[in-house]
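# Observations on chain architecture
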Amino acid sequence: MTNQTTIMQNGGRVNPLLKLFMLILTISGILIYPSWRLSSILLVIVILLFPISGASLNLSRNRTKFIIIFSLLLFIFQILVTVNGTVLGFIIPQLNNFGPFLPITDFGIERGLAIASRFLLVVLSSMLFVAITDPTLLAHSLTRLKIPYRYSFALVIALRFLPLFDSENQIVRMAQKSRGIQPEVGGLRKILRTIQYTFFPLLVSSLSRVEALSISMDGRGFGYSENRTYFRKSNWKISDTLIAFGGLGFILLCSMLALGYLPLLSTII
Amino acid sequence: MLESRDISFSYDGKTEILRSVNIQIRQGEVVLLTGPTGSGKSTLAKCLSGFIPRSIDGNFSGEIKIDGENTGDYSIAEISRLVSLVQQDPDSQICTLKVVDEVAFGPENYEFSYEIIEKLTKSSLLAVDALHLHNRNTHTLSGGEKQKLAIASMLSCEPKYLILDEPSASLDPKGVLLLRRILTELKDKNVGVLCIEHNLDTIRPIANRILSISNGAITDWTPTAEQSISSITQTLIPDTPLLTLEGVNFSYGSIQVIHDTSLTIHQGEIIALMGENGSGKTTLVSLLGGLLDPDNGRVDFGRVAISDIDRKEIVKRISVVFQNPNHQIFERTVWKEQILSSEILGEVHEKSVERSTHLLNSANLGNFLDRNPFSLSHGQKRMLNITSSIAHFPKILLLDEPFIGQDQEGREFISNIITETASANGAVLVVTHNPNFAKNYCNRVIFVENGSILLDGSPEIVLHRLEDIGHTEYSEMEAPS
């Protein structure tokens, strides 16, 4: 143990508020101008940002696998249901008098790509945001927007207690198992009993925590003054302002593309 | 001096929890307060720290003085600058996501400058030997680490008086020795400490005074001999295996917590399962009870794999009691809760009803049959957990730290249940940090370290061996004979 240990105060180069702002702008941009080319470009940028920011996009994890499979299904589904456009081929080709069925059209592929890339972009950019944002710093930054710290702290407390409820839920299930309580679904009475046996212990445990938590927070001066100081906080730098302007420029570009003011550019993206 | 003058309090206006209580805590002294469960210890702590009557409703009378000044007009924030309260459950008190944020929380609220917050955060973490944890996420800490954090986050507010409600409950012997050191250092810094404890041995060596609270009034504590029930199984040579683990591994996600563990529980054994916080004791109990499935290896009941036995058959034979009583109470009245297992097993008959009534009476719960079990005190809930798990005479009892929050009467009741079960050709495994219990009641001690069994043998040999290999904290925790 050493006295020389330095306590890390700030995390990340970009202000967490700006990260939130950029996430909202990215998603708004592709909703305003839903082009598959634009969302694909943004998707590539987001995927590249994962290794750059040190976050891991673990493809072997079940969650990531599910997201990719779901986007592929969205793509295929759009191809199947879109019949207008230039026909490029058929999923079931003509065999003598049988077929052809299920045409693949260029418009169908475009729509499929647009929906799948938009879905991937929304999910992956949100995952990136969560992975690289310190929620405490985000909550502290919210007070800059004149949000009272009592409300911004609600975010921190919710995130603090989520893993706790998760582990408590598992313990309650084990306790049920040890008493021989098995989930029953036959009839309303049995369903109500199953709900009671799960939610009673969880609810009581949560309520007992509320009192302890409020005593613990009040006992350390929470609400003592209208303001509070922050040991760990993120500063707003010039680079943050530049990125924010870049984001606003992006939205302006998307709006002009959507309104048809940039016909030449809209043929490219 | 922090003092109460003639304070009385009742939550419902009828039952007085405190009756004209007078207590004084001087700066630079450690006062130890003990008393049976439900005697008003925690209520007194909340009165002294100002939460009663400010944020907890009830009928309050009397006055609290700090350094001669009546605090009647003080706000909670004003009192908490002077008096801090560390409550029982450390998990519920942590309100931020990172250790450093938690310790800085108080000073931030009091609008201290950055430099002062940094100094206080460092010194408070250092005082509890936890500076290395500063960047950790709070939810990943072990029970003992959370307790240290709860204390550090109060120390950073620099109170003149500190009240700790059962601080040693979730600590292993190493943690208890550290707690003694922390409290001694606080004494040296002229902080007045009131420590509420059931287990007097933990803090007694450093306490200046010991007080006792009973029936809402405080008296000087006088030692009473704790009756030691001589274990009839001490001389028994066990040979009939009841429950066996063979080459068991277990992981939570990617973290392996049990490594290639084998052990057999025999008829007549009372086993103390010991080990530091986070060593895998609770996971072992869950594996033995068939509540978790091992990654590989076997868990056998008799000669049959536990996974092949019907759940109800396991419930009939093995009872598991977990640490937190709130997680294992399911019914709306004490009586319904008591007979729940018998109902599920289809064994509600005259004999089982008689047994349940007898158990509740001996646990002093006989008068609360229609009460909501959640309204009982922590210690009473623990008793109900145990009585409701043993009404159907299970052969094997697996108890996870059953003595936490128990007064002497409760400890004796649970110890009796343990010896009765073992002498009826059953077996009991008790997770405990208490070497005295291991010596007085158990015929075998298993010591776990980092998910593996380090030592397994008779209590004398294991405790002696622990000392040899550097775990001197266990012998330091033993009561002087």
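These numbers come from a predicted model, not from an experiment. (Residues numbered from 1 in each chain as written. Chains lettered and ligands numbered in written order. Predicted model: local features only at pLDDT ≥ 70, side-chain atom pairs only at ≥ 80, totals over all residues.)

## Thoughts on the overall build of chain A
Condition: Going along the chain from the N terminus, every DSSP run of H or I of four or more residues is numbered as a helix, and every run of E of two or more is numbered as a strand. What the globule rule says is 2.2 Å times the number of residues to the power 0.38, and the radius of gyration is computed from C-alpha atoms. The exposure label follows from counting other C-beta atoms within 10 Å of a residue's C-beta, where the C-beta atoms are placed from the backbone and the thresholds are 20 or more for buried and 12 or fewer for exposed, leaving partly exposed in between. What counts as a contact here is a pair of residues whose C-beta atoms, placed from the backbone, lie within 7 Å.
When its secondary structure is counted, chain A shows 9 helices and 2 strands. Rg of the C-alpha trace for chain A: 26 Å, well past the compact-globule value of 18 Å for 269 residues, more than 25% over. Seen through its C-alpha atoms, chain A measures out along the principal axes to roughly 80 × 65 × 40 Å. Per-residue burial over chain A gives 25% buried out of 269 residues. Long-range pairs, those at least 24 residues apart, make up 67% of the contacts in chain A between residues at least 6 apart in sequence.

## Description of the packing of helix 5 (residues 99-109) of chain B against helix 6 (residues 114-127) of chain B
Residue and element names in this part refer to chain B. We count it as follows: Simply put, an axis is a line fit to the C-alpha atoms, just over the touching stretch for a helix, and the angle between two N-to-C directions goes from 0 to 180 degrees. Here is the rule for angles: anything less than 35 degrees is roughly parallel, anything more than 145 is roughly antiparallel, 65 through 115 is roughly perpendicular, and the remaining ranges are oblique. Note: crossing handedness is left-handed where the near helix turns anticlockwise from the far helix by less than a right angle, and right-handed where it turns clockwise.
Across the interface, helix 5 lies against helix 6 with an axial gap of 9 Å and an inter-helix angle of 130°. Considering their axes alone, helix 5 and helix 6 lie oblique with respect to each other. For helix 5 against helix 6, the interelement crossing comes out right-handed. Every residue of helix 6 that contacts helix 5 at Val-100, Val-103, Ala-104, Pro-107 and Glu-108 is listed here: Ile-116, Ile-117, Leu-120, Thr-121, Ser-124 and Leu-125.

## Some remarks on the pairing of strand 10 (residues 217-220) of chain B
Residue and element names in this part refer to chain B. What counts, and what does not: Note on pairing: two strands pair once DSSP finds at least 2 bridges between them.
Pairing of strand 9 (residues 209-214) with strand 10 involves 4 bridges; the strand directions are antiparallel. Within strand 10, the position partnered with Ile-213 by the bridge is Ile-218. Joining the antiparallel neighbours strand 9 and strand 10 is a turn of 2 residues, in which Asn-215 adopts a positive phi near 50°.

## Points about helix 6 (residues 149-179) of chain A
Just so we agree on the cut-off: Expected helix span is computed as 1.5 Å times (number of residues minus one). Bend at a residue means the angle formed by two fitted axes: the first through the 7 residues ending at that position, the second through the 7 residues beginning there.
Here helix 6 of chain A is 31 residues long and its end C-alpha atoms lie 44 Å apart, about the 45 Å a rise of 1.5 Å per residue gives. Taken as a whole, helix 6 of chain A carries its principal kink of about 25° at Phe161(A); the proline Pro163(A) stands between one and four residues after it. Within the span of helix 6 of chain A, buried status applies to Tyr149(A), Phe153(A), Val156(A), Arg160(A), Phe161(A), Glu168(A), Ile171(A), Val172(A), Ala175(A), Gln176(A), Ser178(A) and Arg179(A). Tucked into the core, helix 6 of chain A has its buried residues touching helix 5 (135-142) and helix 7 (188-218) of chain A together with helix 10 (311-317), strand 16 (318-321) and helix 12 (340-344) of chain B.

## Observations regarding the interface of chain B and chain A
With 61 residues of chain B in contact, the opposing surface of chain A contributes 49 residues. The element that contributes the greatest number of residues to the side of chain B that touches chain A is helix 5 of chain B, accounting for 7 residues.

## Thoughts on the domain arrangement of chain A
Interfaces are frequently sized by the accessible area removed from exposure as the parts join. Put simply, the test is: Marked domain ranges trace back to an automatic or database domain assignment.
According to the domain assignment, chain A consists of domain 1 (16-133 + 237-268) and domain 2 (143-218). Each of domain 1 of chain A and domain 2 of chain A has a C-alpha centre, and the two are 37 Å apart.

## Topic: the domain arrangement of chain B
Residues and elements named next belong to chain B. Quick note on the threshold: Gly is placed with the polar residues, together with every amino acid not listed as nonpolar (Ala, Val, Leu, Ile, Met, Phe, Trp, Tyr, Cys and Pro) or charged (Asp, Glu, Lys and Arg).
The domain architecture assigned to chain B consists of domain 1 (2-220) and domain 2 (241-477). Relative placement of domain 1 and domain 2: their C-alpha centres are 31 Å apart. Taken together, the contact between domain 1 and domain 2 spans 16 residues of the former and 18 residues of the latter. Looking at the side of domain 1 that touches domain 2, the elements with two or more residues in it are helix 7 (143-155) and helix 8 (173-188). Among the elements that make up the side of domain 1 that touches domain 2, the one with the highest residue count is helix 8 (5 residues). Of the residues in the side of domain 1 that touches domain 2, the class split is 5 nonpolar, 7 polar and 4 charged.

## Re the environment of Leu85(B)
Take Leu85(B): it is sitting in strand 6 (residues 83-86). C-beta crowding within 10 Å serves as the criterion here: with 26 such atoms nearby, Leu85(B) is assigned to the buried category. Separated by 66 residues in sequence, Leu85(B) and Ile151(B) place their C-alpha atoms 9.0 Å apart. Not counting chain neighbours up to four residues away, the residues in contact with Leu85(B) comprise Ile215(A), Gly219(A), Ala45(B), Ser49(B) and Ile163(B).

## Observations concerning the packing of helix 5 of chain B against helix 7 of chain B
Residues and elements named next belong to chain B. At a closest axis distance of 7 Å, the pairing of helix 5 and helix 7 adopts a crossing angle of 35°. Crossing angle aside, the handedness with which helix 5 passes helix 7 is right-handed. Within the contact between the two elements, helix 5 uses Val-99, Glu-102, Val-103, Phe-105 and Gly-106 and helix 7 uses Leu-149, Ala-152 and Ser-153. Across the contact of helix 5 with helix 7, the residue classes tally to 5 nonpolar, 2 polar and 1 charged.

## Topic: the nonpolar core
In a soluble, globular protein the nonpolar side chains are often hidden away together inside. Condition: Joined through C-beta atoms within 7 Å, a set of buried Ala, Val, Leu, Ile, Met, Phe, Trp, Tyr and Cys residues constitutes a nonpolar core.
In this structure, Val193(B), Cys195(B) and Leu273(B) are the most contacted members of the largest nonpolar core, which totals 149 residues. Setting aside its immediate chain neighbours within four residues, Leu273(B) contacts Lys281(B), Leu284(B), Leu429(B), Val430(B), Val431(B), Ile446(B) and Val448(B).

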